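Summary of structural features
One-letter residues, chain by chain:
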Amino acid sequence: MAADAARVARIVKEMVAERSERLDLSNCKLTSFPVALFKMMKDVVGNIRFVSLQDNELKSISADFMTNFSQLQELNLEGNLLKKLPDEVKTLTHLKSINLARNKLSDFPHQLTELAALETINLEANEITEMPLENLNSMPSLKLLNLKSNPLNIGTQLAGQMQIKFELLVSAE
């Protein structure tokens, strides 16, 4: 545990020193995003465009996480234990891509449909049964929605046959 915490601190210190736009804390065994990191990154957090927290053990993402990374364009949360997103995800107005594959989401995160800049949503291998097709179709920038390996109900899958403005990936069953 101490070794993991030291690794996270080292990664963040290097990112701050380089004034990088990328923060990659993948495979760090995080169960939550450490609030103390915001203090370490206070001078650069507004410049961060990409965050990866892939393959951790996150059960939730805090509202503070969403509001602190206000300039985020790409967010990778693949391979965690997330069941929902905070409403504050709507504050990520610059977000172009979000990867939520291999989590525990049973409901489509409706807040995402309010993000005008969002181009790619990856929700592969969750537990989603319904998708808000009308709301998704009204998203101006959406190009790709991946819902493969989700237990979509037949009505939702048939709705996928409707004329849509984006590429929709679902499992063929």
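Look up a bit, the structure's there.
Below: a short report on this structure. (Residues numbered from 1 in each chain as written. Predicted model: local features only at pLDDT ≥ 70, side-chain atom pairs only at ≥ 80, totals over all residues. Heavy atoms only, no water.)

Right, let's talk about helix α1 (residues 2–18) for a bit. End to end, α1 covers 24 Å across 17 residues, agreeing with the expected 24 Å (1.5 Å per residue, within 8%). Among all positions of α1, only V8, I11, V12 and M15 are buried. All buried residues of α1 fall inside an arc of 95 degrees around its axis, so they share one side. Away from its buried face, by an angle of more than 90 degrees, α1 presents the exposed residues A2, A3, K13, A17 and E18. The elements touched by buried residues of α1 are β1 (22–24) and α2 (36–40). Backbone geometry just after α1 places R19 at a positive phi near 50 degrees. (Helix = DSSP H or I, 4+ residues; strand = E, 2+ residues; numbered from the N terminus. Expected span 1.5 Å × (residues − 1). Buried < 20%, exposed > 50% of the residue type's maximum accessible area, 1.4 Å probe, protein only. Arc of directions from axis to C-beta. Contact = heavy atoms within 4.5 Å.)

Moving on: the sheet that holds β1. Ordered in space as β1-β2-β3-β4-β5-β6-β7, the seven strands form an open sheet in which the pairing is parallel. Lying at the two open borders of the sheet, with one neighbouring strand each, are β1 and β7 (167–169). Averaged over all pairs of adjacent strands, the angle between their axes in this sheet comes to 5 degrees, without regard to strand direction. Pairing of strand β4 (residues 97–99) with strand β5 (residues 120–122), which is carried by three bridges, proceeds in the parallel orientation. Bridging from a neighbouring strand, S97 pairs with T120 of β5. (Pairing = 2+ DSSP bridges. Axes fitted to C-alpha atoms, helices over the stretch in contact; angles between N-to-C directions.)

Locating N146 in the fold gives a position in strand β6 (residues 144–146). Taking relative accessible area as the criterion, N146 reaches 9% and is therefore assigned buried. Within the structure, the side chain of N146 is placed 3.4 Å from the side chain of N122, a separation counted as a polar contact. (Polar contact = N/O pair within 3.5 Å; in protein donor to acceptor, adjacent residues only side chain to side chain.)

Read these as spatial facts, not as claims about activity.
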